[in-house]
Amino acid sequence: MELGTAHPGGRFVRLPTYPWDRVRHWVHDGPIAWPDDGNTQERWVHRLDWIEDVEPPRPAAGPQAWSIVADRGGVGRALATLLARRGDEVAVSDPDEAETLAGAHPDRRFVDLSALDARDPPDGSTAGRALRTARALARSAHPGRLWFVTRGAQAVEGAPSATAPAQAPLWGLGRTIALELPDLWGGLVDLDPDSGPDVSEILAAIEAGADGGETEFALRRGHRLVPRLVPATLPADSFRVRPGTSWLVTGGSGELGRRVVRWLVEQGATRVVLLDRRAPADDVRRELAGLSGAIVFETGDAARSEDVAAVVDRIERGDQPLAGVLHLAGSLADGVLIDQDVERLERALRPKLAGAWNLHVATRHLALDAFALFGSAASVIGSPGQSNYAAANAVLEALARRRRAEGLPATAIHWGPWDGVGMSTRVPPGAFRGVRLLPPALGLELLGRLLAGDSPSAAVLAMGPVEGRGVRVPSPLRSLVGAPPRIEPEQASGTELARRLASLGDGEARAVLATTIEGEASRLLGLPSGEAFDRSRRFFEAGMDSLRMVELRNRLRSILGDVLSPTAPFDHPTVDRLADHL
């Protein structure tokens, strides 16, 4: 049956993997309306701008308790001294003891400055330590707010210094923690790389974000800046491939990679070298062999510097010198934060982070026309279930800025999900949170115009409605979907339902809780109104995945107040057991 005729403009989706159990799975009865058609190129392309934060800090009333993970340069200990002088309680640890400190004092403001010690080349050690710290805090029923401090991990227009790629992964990791565990998240502070840190400015930034305001700050020349995605200007013409040259594409045998290779050939590329860890399948070879340009398949790992250097050397010894690099290689190891570990983090980091760095080192002596790093918008706005992938991709912009500072070409492109192509087909349901899917033909058009421009980075995404209770809008998106109101202390103390429950007897309160949990779980699964939900059945057996479990917890928290630990739905995995626990 051809549904496209009856529902023009629709797209194919995967059917759910759980048993249908008399649940209706059918096309929507009416059209799905977006605010506009969204297919104008300019609507999709944004740059990250930094603007002055006009909200004043709100110092907490009375002494506070803090945990400080100190760096070797002394910034953390200077902050601890400032806090102690004003009467706050402070515990300080070295980076190797951060996880122990988080477990011992989970209910404090937790400020991790250990990333300030990270140096290039970037590796996974800084992000791995931060992940372990966040998981230790998440195990608490009442975790304190977690802050990461970096220096030069973000590029601010007008700042002359090159960025610090080794510290950038914390920004992708942190932006995803903010979505998965909003009550754990404090924020990110990036220090000025051109001047010594003023710890009072760090404290002011933390206190400015303490009540639900901004969560991301860059401190530059005495100013406190916050990020916003704003429309970018695209050149009128598309990129032109120089005749008689070679192009190197990593990850080129994947579905998105093959589309990019075909696009390169259409632009005039006569020789394209594909570097992949495994030899391509026969059908991929046949597909690409039919192109007019010469396609060369190289087997090697972009994360191994010797493999990259050998391929670049072979290209340069040929008669068509290397003119451009497109780095698409990547790996997914999805999972919610409480299920993540350092091994899965490194699995996502290696191809993106190490691959990009190796390509930079192997080609920086060459006169390239283009050096494009394919990243993910997850690094800019976060993506639930993809903390490791967001961390890996956050390095790309920092590296592109570093190359630009050295006078080398570079463009980091933070792609939103492509419709039916690439990794967007393998991410958990609901991960996109209002981000529209990019039509592949439009994506390739945008690639050509971005390569023709002089911007070191761009985010390619368009937003639809951001739905869901308690959704905390990431700082960069507030220019596109609006900023949430600041949370006053009396607003954060409880909700109408929580106050009602306090007035009920135990039996009545439990019945109301069970009904509330059942309703939210049913909505997450898309069950029809009135459809019975087995309250004794485990959530996973009913069709929920880890990402939906996190969303269930966050929805219940927005309704009931701060009474659930991040692991509560996992530890009490049925409606009845979770109601009993609450």
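For clarity, every value in this text was computed on a predicted model and none was experimentally measured.

**Describing the overall build of the chain**
- Along the backbone of the chain there are 22 helices and 15 strands.
- Taken over 582 residues, the chain has a buried fraction of 57%.
- For the chain, the exposed area adds up to about 24,500 Å²; of that, 50% sits on carbon and sulfur atoms.

**Notes on helix H5 (residues 125-138)**
- Taking 1.5 Å as the rise per residue, H5 with 14 residues should run 20 Å; its terminal C-alpha atoms sit 20 Å apart, in good agreement.
- Extensive coverage of H5 is indicated by the burial of eleven of its 14 residues.
- Buried residues of H5: Thr-126, Ala-127, Gly-128, Arg-129, Ala-130, Leu-131, Thr-133, Ala-134, Ala-136, Leu-137 and Ala-138, and no others.
- On its buried face, H5 sits against helix H4 (98-104), strand E4 (109-112), strand E5 (146-151), helix H6 (169-180) and helix H11 (342-363).

**Regarding the packing of aromatic side chains**
- By the definition in use, this model includes six aromatic pairs.
- On the numbers, 6.4 Å between centres and 20° between planes, the contact of Trp-147 with Phe-217 is stacked. Here Trp-147 is found in strand E5, whereas its partner Phe-217 is found in strand E7 (residues 216-220), with 70 residues between them in sequence. Comparing Trp-147 with Phe-217, the two get one shared label, buried.
- Between Phe-239 and Trp-247, the aromatic rings sit 5.7 Å apart at their centres with planes inclined by 80°, giving edge-to-face as the arrangement. The pair formed by Phe-239 and Trp-247 is uniform in burial state, with each residue classed as buried.
- Chaining the aromatic ring pairs together yields one cluster made of Phe-374, Trp-415 and Trp-418.
- Taking NZ or CZ as reference, Arg-285 lies 4.6 Å from the ring centre of Phe-297, over its face.
- Directly above the aromatic system of Phe-371 lies the positively charged group of Arg-403, at a separation of 3.8 Å from the ring centroid.

**Regarding the pattern of salt bridges**
- Within the structure shown, the criterion is met by 29 salt bridges.
- Of the charged contacts in the structure, one is a salt bridge between Arg-228 and Glu-214, with a shortest N-O distance of 2.4 Å. Here the residue Arg-228 occupies a position in strand E8 (residues 223-231), and Glu-214 occupies one in the loop between helix H7 (199-208) and E7, the gap between them amounting to 14 residues.
- When salt bridges that share partners are traced, they join Glu-520, Arg-523, Glu-551 and Arg-555 into one network.

**A few points about helix H18 (residues 506-525)**
- For H18, spanning 20 residues, the distance from its first C-alpha to its last is 28 Å, which sits close to the expected 28 Å at 1.5 Å a residue.
- One or two steps after H18, the chain reaches Gly-526, where phi turns positive at roughly 75°.

**Points about the pairing of strand E15 (residues 457-460)**
- Because side chains alternate across E15, one face comprises the buried residues Ser-457 and Ala-459, and the other comprises Ala-458 and Val-460, equally buried.
- With two bridges connecting them, strand E1 (residues 45-52) and E15 associate as antiparallel partners. Among the inter-strand pairings, Val-45 is bridged to a residue of E15, identified as Val-460.
- As paired strands, strand E14 (residues 411-415) and E15 are joined by four bridges and run parallel to one another.

**Details of the side chain of Glu-397**
- The topology assignment puts Glu-397 in helix H13 (residues 387-405).
- Of the residues examined, Glu-397 reaches a relative accessible area of 13% and is grouped as buried.
- Ignoring any residue separated from it by four or fewer positions in sequence, one finds Glu-397 in contact with Ala-412, His-414 and Ser-457.

**Here's the deal with the environment of Arg-402**
- The residue Arg-402 is located in helix H13 in this model.
- On the basis of relative accessibility, which here comes to 18%, the residue Arg-402 falls in the buried class.
- With 239 residues separating them along the chain, Arg-402 and Thr-163 place their C-alpha atoms 5.7 Å apart.

**A closer look at the packing of helix H3 (residues 75-85) against H7**
- Orientation of H3 relative to H7, taken along the N-to-C sense of each, is 70°, at an axis distance of 9 Å. The angle between H3 and H7 falls in the class roughly perpendicular. Contacts between H3 and H7 pair Val-75, Ala-78, Leu-79, Leu-82 and Leu-83 from the former with Val-199, Ser-200, Ile-202 and Leu-203 from the latter.
- For the contact of H3 with H7, the per-class residue count stands at eight nonpolar, one polar and no charged.

**Things to note about unusual backbone geometry**
- That bond from Asp-120 to Pro-121 is cis: its omega, 5°, falls within 30 degrees of zero.
- In the Ramachandran plot, Arg-221 falls in the positive-phi region, its phi being about 55° despite a non-glycine side chain.
- Among the secondary structure elements, Arg-221 is positioned in the loop between E7 and E8.

**Here we look at the confidence of the model for the chain**
- Averaged over the chain, the pLDDT score is 82; the fraction of residues at 70 or greater is 85%.
- Contacts from residues 17-38, a stretch scored under 50 in pLDDT, to residues over four places away or in other chains number 28 contacts.
- Counting contacts from residues 428-432, a segment whose pLDDT is below 50, to residues more than four positions away or on other chains yields 13 contacts.

Calculation notes
- Residues numbered from 1 in each chain as written.
- Predicted model: local features only at pLDDT ≥ 70, side-chain atom pairs only at ≥ 80, totals over all residues.
- Heavy atoms only, no water.
- Helix = DSSP H or I, 4+ residues; strand = E, 2+ residues; numbered from the N terminus.
- Buried < 20%, exposed > 50% of the residue type's maximum accessible area, 1.4 Å probe, protein only.
- Areas by Shrake-Rupley, 256 points an atom, 1.4 Å probe, with all protein chains shown as cover.
- Expected span 1.5 Å × (residues − 1).
- Contact = heavy atoms within 4.5 Å.
- Phe/Tyr/Trp six-rings, centres within 6.5 Å; stacked < 30°, edge-to-face > 60°.
- Lys NZ or Arg CZ within 6 Å of the ring centre and 35° of its normal.
- Salt bridge = Lys/Arg side-chain N within 4 Å of Asp/Glu carboxyl O.
- Pairing = 2+ DSSP bridges.
- Axes fitted to C-alpha atoms, helices over the stretch in contact; angles between N-to-C directions.
- Parallel < 35°, antiparallel > 145°, perpendicular 65-115°, else oblique.
- Nonpolar A, V, L, I, M, F, W, Y, C, P; charged D, E, K, R; others polar.
- pLDDT = per-residue confidence, 0-100.

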